[in-house]
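Topology and contacts: notes
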Amino acid sequence: MSTAAAHGAHADAHEHHHESFIRKYIFSTDHKMISRQFLITGIVMGVIGMVMSILFRLQLAWPDQKFAILEMLLGRWAKGGVLDANFYMALVTIHGTIMVFYVLTAGLSGTFSNLLIPLQCGARDMASPFMNMLSYWFFFLSSVVLCWSFFVETGPASAGWTVYPPLSALEKAMPGSGFGMTLWLVAIALFIVSALLGGVNYISTVLNMRTKGMSMNRLPLTIWAFFFTAILGLLSFPVLLGAALFLIFDRSFGTSFYLSDIWLNGVGALENVGGSPILYQHLFWFLGHPEVYIILMPALGITSEVIATNARKPIFGYTAMVISLMGISILSFIVWGHHMFITGMNPFLGSVFMFLTLVIAVPSAVKVFNYLTTLWRGNIRFTPAMLFAIGLVSFFISGGLTGIYLGNAALDINLHDSYFVVAHFHLVMGSAAIFGMFSGIYHWFPKMFGRLMNNTLGYFHFWLTFIAAYLVFFPMHFMGLAGVPRRYYAFSVIPEFNVWLEVNQLITVAAIMAGFAQVLFLWNFFYSIFRGKKSDANPWNSNTLEWSTPVEHIHGNWPGEIPTVYRGPYEYSREDREEDFYPQHIPGDDEGHGHGAPKTKSAPVHTEEPAAQSGNVLFSALKKVFGFSPR
Amino acid sequence: MLTPMQNSESRPLKFQPKEAFRMNPREFVLWLLIVASIMLFAAFTSAYILHRKDGLANNQWIQFDLPVQFTSSLIIAALSSVFMLLSFRAAKNDEISRNRSFLAITLVLGIAFCLLQYSGWKYLTSIGLPFVPQEDMVGGISASFLYVVTVFHFLHVIGGLLLLTIALFRSFRLQVHRKDLLFIRITNTYWHFVGVLWIYLFLFLYFAR
């Protein structure tokens, strides 16, 4: 049976397919429903993580103040209205865990990879819809186990989100090393299974299930980003699993993979000999560094798409963007040591990691440059999605610059574990990625729910969050440079740090402001699902295939046959076209000039450059260098 | 099977994009999971190397011979791969009863492999090298690593035995033949993977200890 007939028959079968409530909304195998499940769960976890951050920010800003609401909410963890020190560490730990894994990995990748990979590649669904469903339910189970850890006697895990041994390996070390830590490890193991199941599906779908005409160099940059992200996850999550397994063996069976020569107060000298906590750091950060790119790359892919669509211009340097994604992916595996500069490693090894860390800034800078040049002289539509995409570029630049400082092994001696690090990763990873996620939500909300979000609320959401994020994280750079360490419960016993109390108060007020901005977003999001203005099939006049599907979701995505693709995804503002967009699936006069067809000088694909640009030698040279390739 | 690219009006497109890489998606998913598994064992063996280096420097690493049972299981693994290959070839040629016989032999050899591994662990425990080092036992961590590596390989073999059992059932139900080779091909690939993995792990443990 030919591919076309098979797809047609498949679509016909699904038009008559009636699903029960459970099959349609709970145990769905439809990628569109699974993407919404990931999104809602990610949002719920994000709210929990954000509330935690506000709780510990209250402690940092007003360390001696009693807050009755804290005791009301947290009970024994905030006796007398003052946060318990152990619980403070737990809040910091779970905040980090939730934000890094549950919101920015599963919530971001899980949502948009599931939504967009089949739609933008031209597939009916993922390669294995059943495995896709399993991926979500493992994620859900993982979230439940993590939330359960809040209700155990000794409290949740509290060794920082990195859970370094020996604190995490010794159940009696502190309250947060007890059953809560075991639950953390179980939750992460379940999460890794979810990530692997999802990742193999994404890779398989991108490589094996693209529609006719969709060659790799016609894929939108979102798909390239999700593809490389999935590869990173496939190669790095098993190593974290290995690290977690060794930790479980040390905790539960008494092995000594990470432990040696330990004296525990109240217990005495332990029997463990021969282990090394540095081993854990190597295994953890082997995932940990690719993990930050697993978080960032989907956001960068989304930004590419949103900027091109809303600037009404082809993305500048498509090939360079793909190669830079590839470069970031490869380099991300060989820079993990920059998280361990102060562990006593050989200085020569430190300089190798330093060099590679600085090199990884190059492909990142290529992407930023290409975003800016895409915006340059674009016919920009400042939709909320576009604002968030531009906001990502801002955070990526400001946060990325401080990465250069931290990547220097000598400077890192002073800056490691200080607020400088906190500022850096919250800007370049936290804020940038969350802005990418918001951009994606605003942009693809019509595709997910058939309605539009409210623009006015979107603008308020953007400006409040953007300003608040800078107010929260920028001052932290100065705190870090002054030596203020991270993860401390209070600084009141250290007079030198008391000068930062008012700064902490400013940060906390800004964090609360950011929290209120998210309430606006949540209202807008949930209200618009039910009462938002109904959208048409292609509200943004975009070129990519997902906008060729009907507004009402159907199983199998397209009624009838899947469209054939004739060109790349960024054919905007062509002078030979009346409209400023040219969808991929519309056959046109230029059918013979796609990938694989001979390109002749007498039949250029693109029109003449505007006179002002064609006369600009520097601009033309830069275009050649950064691979602006006609298609 | 790749088909020529056609548009919806059934006339050939003027351009012919290079034919894309196509493999059955489920088979491809298996290969990806194999890659993930390789990374897990890479983590284990990297940890082993790091630990050994530090352990030897601090006199906290015991060197010991691998149990003879592991050498036997290496031979059994290689034999079972041969029979699995024969089984797959029989399926491709529609030789149903040969396919069934070879699958059964592979399954039996797989069970023998598991028993030999268990016997090897028991031997190690009996000579004072348990998974959890005993009190005052310097360098016992080296045995702990061996158990982790071999137990996780064992778990992978259990998965392979499950696939073989299902393949055998399907063969009895005449669902394994030339026109439906997907499941047996997946089983074949996976079984060779666990076999090759054991060869690698054995050689690693033998030379790196």
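Everything that follows concerns the structure shown earlier in this document.
Okay, so let's go over this structure. (Residues numbered from 1 in each chain as written. Chains lettered and ligands numbered in written order. Predicted model: local features only at pLDDT ≥ 70, side-chain atom pairs only at ≥ 80, totals over all residues. Heavy atoms only, no water.)

A word on the overall build of chain B
Per the secondary structure count, chain B includes five helices and zero strands. Its helices and strands in sequence order give chain B the pattern α-α-α-α-α, from N to C terminus. Taken across its 209 residues, chain B has 49% of its residues classed as buried. (Helix = DSSP H or I, 4+ residues; strand = E, 2+ residues; numbered from the N terminus. Buried < 20%, exposed > 50% of the residue type's maximum accessible area, 1.4 Å probe, protein only.)

Some points on the overall build of chain A
Within chain A, the regular secondary structure consists of 19 helices and four strands. Radius of gyration (C-alpha) of chain A: 25 Å, near the 25 Å computed for a compact globule of 631 residues. Projecting the C-alpha coordinates of chain A onto the three principal axes gives extents of approximately 80 × 60 × 50 Å. Counting the 631 residues in chain A, one finds 61% classified as buried. Within chain A, counting contacts between residues at least 6 apart in sequence, those at least 24 apart form 79% of the total. Carbon and sulfur atoms make up 68% of the accessible area of chain A, which amounts to about 23,900 Å² in all. (Rg over C-alpha atoms; globule rule 2.2 N^0.38 Å. Contact = heavy atoms within 4.5 Å. Areas by Shrake-Rupley, 256 points an atom, 1.4 Å probe, with all protein chains shown as cover.)

Section: the packing of aromatic side chains
Per the counting criterion, the structure on display carries 87 aromatic pairs over all chains. Ring geometry for Phe44 of chain B against Phe152 of chain B: centres 5.3 Å apart, planes inclined by 50°, an arrangement best described as tilted. With a gap of 108 residues between them, Phe44 of chain B in helix H1 (residues 25-57) and Phe152 of chain B in helix H4 (residues 141-172) connect regions that are remote in the sequence. For the pair shown, Phe44 of chain B and Phe152 of chain B are each scored as buried. One residue, Arg567 of chain A, lies across the ring of Tyr582 of chain A, its end atom 3.5 Å from the ring centre. Taking NZ or CZ as reference, Arg577 of chain A lies 3.7 Å from the ring centre of Tyr582 of chain A, over its face. (Phe/Tyr/Trp six-rings, centres within 6.5 Å; stacked < 30°, edge-to-face > 60°. Lys NZ or Arg CZ within 6 Å of the ring centre and 35° of its normal.)

Digging into the packing of helix H6 (residues 129-148) of chain A against helix H7 (residues 179-208) of chain A
The packing of two helices is summarised by the inter-axis angle and the distance between the axes. Residues and elements named next belong to chain A. The N-to-C vectors of H6 and H7 enclose an angle of 165°; their axes lie 8 Å apart at closest approach. Judged on the interaxial angle alone, H7 and H6 are roughly antiparallel. The crossing of H6 and H7 is left-handed. Partitioned by chemical class, the residues of the contact of H6 with H7 number 19 nonpolar, six polar and no charged. (Axes fitted to C-alpha atoms, helices over the stretch in contact; angles between N-to-C directions. Parallel < 35°, antiparallel > 145°, perpendicular 65-115°, else oblique. Left-handed = near helix turned anticlockwise from the far one by under 90°. Nonpolar A, V, L, I, M, F, W, Y, C, P; charged D, E, K, R; others polar.)

As for a nonpolar patch on the surface
A cluster of nonpolar residues, Phe21, Ile22, Tyr25 and Phe27 of chain A, forms a patch on the protein surface that exposes about 420 Å² of accessible area. Of note, Phe27 of chain A is situated in the loop between helix H2 (21-26) and helix H3 (31-61). (Patch = residues over 30% accessible without salt bridge, like charges linked within 9 Å, V, L, I, M, F, W, Y side chains within 5 Å. Salt bridge = Lys/Arg side-chain N within 4 Å of Asp/Glu carboxyl O.)

As for H6 of chain A
An ideal rise of 1.5 Å per residue puts 28 Å on 20 residues; H6 of chain A measures up with 29 Å between its terminal C-alpha atoms. All of the buried residues in H6 of chain A are Met131, Asn132, Met133, Ser135, Tyr136, Phe139, Ser142, Ser143, Val145 and Leu146 of chain A. Contacts from the buried residues of H6 of chain A go to H3, helix H5 (85-121) and H7 of chain A together with H1 of chain B. (Expected span 1.5 Å × (residues − 1).)

Remarks on the pattern of salt bridges
As enumerated under the stated definition, the model contains 10 salt bridges over all chains in all. Asp580 of chain A is the partner of Arg312 of chain A in a salt bridge, and the nearest nitrogen-oxygen pair spans 2.8 Å. Of this pair, Arg312 of chain A sits in the loop between helix H9 (277-311) and helix H10 (318-331) while Asp580 of chain A sits in the loop between strand S4 (533-534) and helix H18 (611-614), placing them 268 residues apart in sequence. Of the charged contacts, one joins Asp180 of chain B and Arg170 of chain B as a salt bridge, the two residues approaching to 3.7 Å between their closest N and O atoms. Here Asp180 of chain B, found in the loop between H4 and helix H5 (182-208), pairs with Arg170 of chain B, found in helix H4; they are 10 residues apart in sequence, far enough to count as distant. Taking relative accessible area as the criterion, Asp180 of chain B reaches 29% and is therefore assigned partly exposed. With relative accessibility at 23%, the residue Arg170 of chain B sits in the partly exposed group. Each of Glu571, Arg574 and Asp576 of chain A takes part in a single network of salt bridges with overlapping partners.

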